[in-house]
Amino acid sequence: MTLKRNTWLLILMASIVFSFLFFLLLTNNRVEYIGKVDIALGTRVKVVVSADHPERVINAILREFHRIEDKFTVNEKKNDKSVISRINQSDTYPVVIDEETAFVIERSLGLAQGTNGAFDPALGNLIKLWGFDRISDADFEPDVPTQEEIDRAVRLSGYEHVSVEGNKITLENGVALDLGGIVKGYAIDRGVEIGREMDTDATGYIDAGGDIGIIGPKFGGDFWSVAVRDPEGEPDDYVEKVFLEKGAVVTSGDYERTFEIDGKRYHHILNPKTGRPVRKTKSSTVIAPNAMDADVLSTAGFVLGGEFASIMLPPLGGQGYFIGEDGKVKTTAGWHFFTERR
Amino acid sequence: MTRLRLFRVKDLLLYIAIACVTIGVLLTLNRTGSDMIIVKINKTTVYRFSLLEEATKTIESDNGKLMDVVIKDEDAYIKNSTCPLHLCEEGSIAQTGALVCVPNRVIITYDTDQMDYDNEDRRGYDLMTK
Amino acid sequence: MREALFYEEIGEADDVQCHLCPHHCIVKEGDAGLCKVRKNEGGVLYSLAYGKISSLANDPIEKKPLYHFHPGTKILSVGSWGCNFTCPWCQNWEIVTQKPPLQKVTPDRLIDIAIDREMDGIAYTYNEPIVSFEFVLDTSRMSNADGIYNVMVTNGYIEEAPLKLLLQTIQAMNIDLKGFSSSFYKKRCSGELEVVKKNIETIYNEGLHLELTTLVIPGENDTEKEMEEETKWIASLSPEIPLHLSAYHPAHRFQKPPTSDEKMMALYKIAKKNLDYVYIGNTMVDEGRNTYCPNCSNLLIERSGFSAKVVGITEDKKCEKCREDIKVKL
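Since the structure is predicted, the reported quantities are computational estimates derived from the model, not experimental observations.

This part takes up the overall build of chain C. Broken down by element type, chain C carries 8 helices and 19 strands. The C-alpha radius of gyration computed for chain C amounts to 20 Å, which stays within 12% of the reference 20 Å derived for 330 residues, consistent with globular compactness. With the principal axes as the frame, chain C shows a C-alpha extent of 65 × 45 × 35 Å. The buried share of chain C, reckoned over its 330 residues, is 48%. Counting contacts in chain C only where the partners sit at least 6 residues apart, residues at least 24 apart contribute 65% of the total.

Bringing the overall build of chain A into the picture now. Of regular secondary structure, chain A possesses 9 helices and 15 strands. Looking at the 342 residues of chain A, the share that counts as buried comes to 49%. Within chain A, residue pairs in contact and separated by at least 24 positions form 59% of the contacts whose partners lie at least 6 positions apart.

Residues and elements named next belong to chain C. The buried fraction of strand E8 (residues 55-60) is high, at 6 of 6 residues. Looking at chain direction, E8 and strand E9 (residues 74-79) are connected through 6 bridges and run antiparallel. Following the sheet pairing, Ser 55 is matched in E9 by Gly 79.

Before going further, it helps to examine the interface of chain C and chain A. Contact residues are listed per partner, giving 12 residues for chain C and 14 residues for chain A. At the level of secondary structure, the elements contributing two or more residues to the side of chain C that touches chain A comprise E8 and helix H1 (93-96) of chain C. For the side of chain C that touches chain A, the element with the highest residue contribution is E8 of chain C, accounting for 4 residues. Residue classes in the side of chain C that touches chain A are distributed as 6 nonpolar, 4 polar and 2 charged.

Residue and element names in this part refer to chain C. Within the secondary structure, Gly 121 is located in strand E11 (residues 121-124). Take Gly 121: there are 22 C-beta atoms within 10 Å of it, and that puts it in the buried class. Separated by 44 residues in sequence, Gly 121 and Ser 77 place their C-alpha atoms 8.6 Å apart.

Contacts are most numerous, across the 2 pairs of chains in contact, for chains A and B. The two units chain B and chain C remain apart, with a minimum C-alpha distance of 23 Å.

The end-to-end C-alpha separation of helix H7 (residues 224-237) of chain C is 20 Å, in line with the 20 Å expected for 14 residues at 1.5 Å each. On its buried side, H7 of chain C packs onto strand E14 (209-216), strand E15 (243-247) and helix H8 (261-274) of chain C.

Another point: the interface of chain A and chain B. Taken together, the contact between chain A and chain B spans 50 residues of the former and 36 residues of the latter. Among the elements of the structure, helix H1 (2-29), strand E1 (34-40), strand E2 (43-50), strand E6 (203-208), strand E8 (224-229), strand E9 (238-244) and strand E10 (248-253) of chain A are those that each provide at least two residues to the side of chain A that touches chain B. With 10 residues, the top contributor of residues to the side of chain A that touches chain B is H1 of chain A. Considered class by class, the residues forming the side of chain A that touches chain B number 25 nonpolar, 12 polar and 13 charged. The pairing of E8 of chain A with strand E8 (residues 127-129) of chain B spans 3 bridges and is classified as parallel. Bridging across to E8 of chain B, Ala 227 of chain A finds its partner in Met 128 of chain B.

Turning our eyes to something else, we now look at the sheet that holds strand E4 (residues 26-27) of chain C. Either a parallel or an antiparallel arrangement is found when strands of a sheet pair, and the pairing is made through backbone hydrogen bonds. Residue and element names in this part refer to chain C. Strand order in the open sheet made by the 3 strands is E2-E3-E4, with antiparallel pairing throughout. A strand with exactly one partner marks an edge of an open sheet, and here the two such strands are strand E2 (7-9) and E4. Direction of pairing for strand E3 (residues 16-18) relative to E4: antiparallel, over a ladder of 2 bridges. Paired with Val 16 across the bridge in E4 is Val 27.

Quick look at the domain arrangement of chain A now. Residues and elements named next belong to chain A. Assigned domains within chain A: domain 1 (39-73 + 179-222), domain 2 (79-178) and domain 3 (241-342). The C-alpha centroid of domain 2 is placed 25 Å from the C-alpha centroid of domain 1. On the domain 2 side, the residues contacting the 10 residues of domain 1 number 13 residues. Put simply, the parts of the chain that give the side of domain 1 that touches domain 2 at least two residues each are helix H2 (54-72) and helix H7 (180-198). If you tally residues by element for the side of domain 1 that touches domain 2, the top one is H7, at 4 residues. Here the side of domain 1 that touches domain 2 is composed, by residue class, of 4 nonpolar, 4 polar and 2 charged.

With that settled, the discussion passes to the pairing of strand E19 (residues 307-310) of chain C. Strand residues, when the strand is regular, have side chains that alternate between the two faces of the sheet. By the bridge criterion, 4 bridges tie strand E18 (residues 299-304) of chain C to E19 of chain C in an arrangement that is antiparallel. Bridge assignment links Arg 303 of chain C to a residue of E19 of chain C, and that residue is Ala 308 of chain C.

A sheet is described by the order of its strands in space; here 3 strands give the open sequence E9(A)-E8(A)-E8(B), paired in mixed fashion. The open sheet has two free edges, formed respectively by E9 of chain A together with E8 of chain B, since each of these has just one partner strand. With direction set aside, neighbouring strand axes in the sheet form an average angle of 35°.

All names here are of chain C. Running from amino to carboxyl end, helix H3 (residues 133-145) crosses helix H4 (residues 160-169) at an angle of 25°, the nearest separation of the two axes being 9 Å. Taken as axis vectors, H3 and H4 run roughly parallel relative to one another. Note that H3 runs across H4; the crossing there is left-handed. In this structure, H3 contributes Phe 133, Leu 137, Ser 140, Arg 141 and Asn 144 to the contact, and H4 contributes Pro 162, Leu 165, Leu 166 and Thr 169. Taken together, the residues of the contact of H3 with H4 break down into 5 nonpolar, 3 polar and 1 charged.

Residue and element names in this part refer to chain C. Partitioning chain C into domains gives domain 1 (2-47), domain 2 (52-287) and domain 3 (290-330). One C-alpha centre belongs to domain 2, the other to domain 3; they are set 23 Å apart. Every contact between the two is made by 13 residues of domain 2 and, on the other side, 13 residues of domain 3. Considering only residue class, the side of domain 2 that touches domain 3 consists of 5 nonpolar, 4 polar and 4 charged.

Let us look at helix H2 (residues 107-116) of chain C. Residue and element names in this part refer to chain C. For H2, every residue scored as buried is listed here: Pro 107, Leu 110, Ile 111 and Ala 114. Angularly, the buried residues of H2 cover 100° about the axis, an arc narrow enough to put them on a single face. Looking one or two places after H2, you find Glu 118, whose phi comes out positive at around 55°.

Turning next to unusual backbone geometry. Comment: phi is negative for the bulk of residues other than glycine, and the bulk of peptide bonds are trans. That bond from Tyr 93 of chain A to Pro 94 of chain A is cis: its omega, 5°, falls within 30 degrees of zero. Checked against the element boundaries, Pro 94 of chain A lands in the loop between helix H3 (83-89) and strand E3 (95-96). Note that the residue after Lys 64 of chain C, namely Pro 65 of chain C, is joined by a cis bond; omega there is -10°. Tracing the backbone shows Pro 65 of chain C in the loop between E8 and E9. One non-glycine residue, Asn 42 of chain B, adopts positive backbone phi at about 55°. On the secondary structure map, Asn 42 of chain B appears in the loop between strand E1 (36-41) and strand E2 (44-50). Since 11 C-beta atoms lie within 10 Å of it, Asn 42 of chain B is described here as exposed.

Here we come to the packing of H2 of chain A against H7 of chain A. Residue and element names in this part refer to chain A. Running from N to C, H2 and H7 cross one another at 150°; their axes reach a closest spacing of 9 Å. Relative to H7, the element H2 lies roughly antiparallel. Read as a crossing pair, H2 and H7 show a hand that is right-handed. On H7, the residues touching Arg 56, Val 57, Ala 60, Ile 61, Glu 64, Phe 65, Ile 68 and Phe 72 of H2 are Val 183, Tyr 186, Ala 187, Arg 190, Gly 191, Ile 194, Gly 195 and Met 198. Looking at the contact of H2 with H7, its residues break down into 11 nonpolar, 2 polar and 3 charged.

What counts and what doesn't
- Within every chain, residues take consecutive numbers counted from 1 along the sequence as written.
- Ligands are numbered from 1 and chains lettered from A, in the order in which they are written.
- Predicted model: local features are reported for residues with pLDDT of at least 70 only, side-chain atom pairs are reported and counted for 80 or more only, and whole-chain, interface and lining totals are derived from all residues.
- Note on conventions: DSSP H or I runs of at least 4 residues are helices, E runs of at least 2 residues are strands, and numbering of each starts at the N terminus.
- The atom set for the radius of gyration is the C-alpha atoms, and the globule formula is 2.2 Å times the number of residues raised to the power 0.38.
- As a rule, residues whose C-beta atom has 12 or fewer other C-beta atoms within 10 Å are exposed, those with 20 or more are buried, and those in between are partly exposed; C-beta atoms are placed from the backbone.
- Contacts are defined on C-beta atoms placed from the backbone: any two residues whose C-beta positions lie within 7 Å are in contact.
- For two strands to pair, DSSP has to find at least two bridges joining them.
- Three classes are used, and their members are as follows: Ala, Val, Leu, Ile, Met, Phe, Trp, Tyr, Cys and Pro are nonpolar, Asp, Glu, Lys and Arg are charged, and the others, Gly among them, are polar.
- Expected helix span is given by 1.5 Å per residue-to-residue step, counting one fewer step than there are residues.
- Note that the domain bounds were set by an automatic or database domain assignment.
- Here an axis means a line fitted to C-alpha atoms, over the contact stretch when the element is a helix, while the angle between two N-to-C directions is reported on a 0 to 180 degree scale.
- An angle below 35 degrees is treated as roughly parallel, one above 145 as roughly antiparallel, one from 65 to 115 as roughly perpendicular, and anything else as oblique.
- Handedness of each helix crossing follows the sense of rotation of the near helix against the far helix: counterclockwise by less than a right angle gives left-handed, clockwise gives right-handed.
- Directions are taken from the helix axis to each C-beta atom, and the arc is the one they span.

Put into structure tokens, the structure is as follows:
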């Protein structure tokens, strides 16, 4: 009898100790993701990283976001370090610019050409008129401009009046630059680059207000599952799910930077020809190899509308999912490739 | 054969105590801190609340009241914010993972820097593009 | 739906035989031909590709690739779906091997878009334009009337009679010379080298602007001997015909690693011995980008990425330095 009890107790002790050790073993091998949330470029930026020194990587990425914000955003009240403000406010042209600025603006112009102006980096006067450059300020006062004001701003807009030759830029016709449609994507790309430079095995992602760049695959080999938000539903409702291990996905929606006046909603994606918010699209989601392209193409897709977007984006390197104002969904030929774990 | 002296009552109590401590350690290690939230204003952590106590907390800075945070059903959301567009009042922290008011520079997150990577099991996806 | 051209009813049942390309598919009722887009319904062959667009772009003309035809300008590029070849490395397989999302764009709508975007030309590309024959024919006829030129980027696998019609309305062609072995053409592409060669000859003799492209695929068509034979044959037509050597990248059913820079350079050197204008594409190699005078090596056209600038050619199409006639359409 005593022997049986001995054995039983021994087994109980051994199993408790064993499970404890086993649990410790499991925890040590588990890949841990550290995340941090910050505010930059007028939106919430979340960086999630698994690396040898995740905090260092995250902080470096967030610092880069702030550097890019200072350099490339236009907000006359706040920002005197902005290269874009300097270019816009110059009395004479051409203006000499640095390599990074030339790169971003040249890419903007190339994509403006390719999207037939649906994306346009020279809508500064229009955006300022509507106030979408100040929409994240605490003292922002929403207002609807008059038709006359809009027409005038449209006349003073257009990428065709911008030219870059080497390190010199010329603006004609009184147009002004606003790189809001490309700068978040560029910051994400730079962040991903910095993360990988600091730790070649780093994995994780950067989520800047719903614009996503993948640093590395989940757990080093798996896909990140990214939900595409339902424009009509709750904040956690989704209409589609895509699986990415690299690259970027960006969504433009009519529910993001918007204000309402007299029951009508005004959002920040303007039709460059009419100067008014685009009404025919509810949301436009684009997957591309880098976030800069995905950012531009998702804006272009929104302005073009699903029909044209579905045939114009693939030659430019984007695969997309578009929801029209009537709820109809259009996708590009290669979109389905991403909706399954392959 | 040597008899192991494991069967006396004193020893039994000791073994139970070890078991309890082990279980207690396991439970503590397992905590991700996801029932506490912290509120940062301009990058400084100013408030810390438990999601287990239902309440409406007021968030204030030197400039006065910024917003209310409503805690209910182990979840939290923003109400009555002083920002112009109230975009921060959409959704709860369980739905979106973090609450952010850009004009007021307020960030509300769970009190942990560890991200759940089993999100996909919980709500169907790791992250959301919007 | 648009009824197809170049087919006939055969036999007793509702079978038809298509005569657009040398496959001469016999298509039973309810089926489509090998190209997928010519379909038999009730004994009538229809073009499923007519007025249905899968891709639309404002492209630099250099992307087609066309380097000697209106260099530095933009062209409206359009594609549908389907193809009469079966290459396992198809770089456009999403719109060639399956029916992709399509938008309705009629010929005059397409021309309106070209005019609206201030495009001087339309390129029929992305998938194989031969299988969209009726659409290409209708659109190119109408666009010529509006002063808009037409380009086809094609595999050249078409019958004589339909080709004759295209020769009247197409101004330039880039033909994919997939390789220079009959067995390669048959086994890999389901095509015939001799047919493509004959058509290239016809097109050249008709006076259309012609440039050729060969996608260099490791282990398939990349021997130096083959490149020697290919370029010797092209030179026998004319050494002034531009040849583009394009580096392959894994796609569709073929996953071998991309063509190496060394291989591209080796084949480039051989080609340059027999031809005046050889270019390297789809790779970061620095050579084979610009156009130089075949006589005095003066820089004629400078290219970076897909942008081009004419720097050394006079308005009457001669080299600025040595006055050699340059084969180019400005």
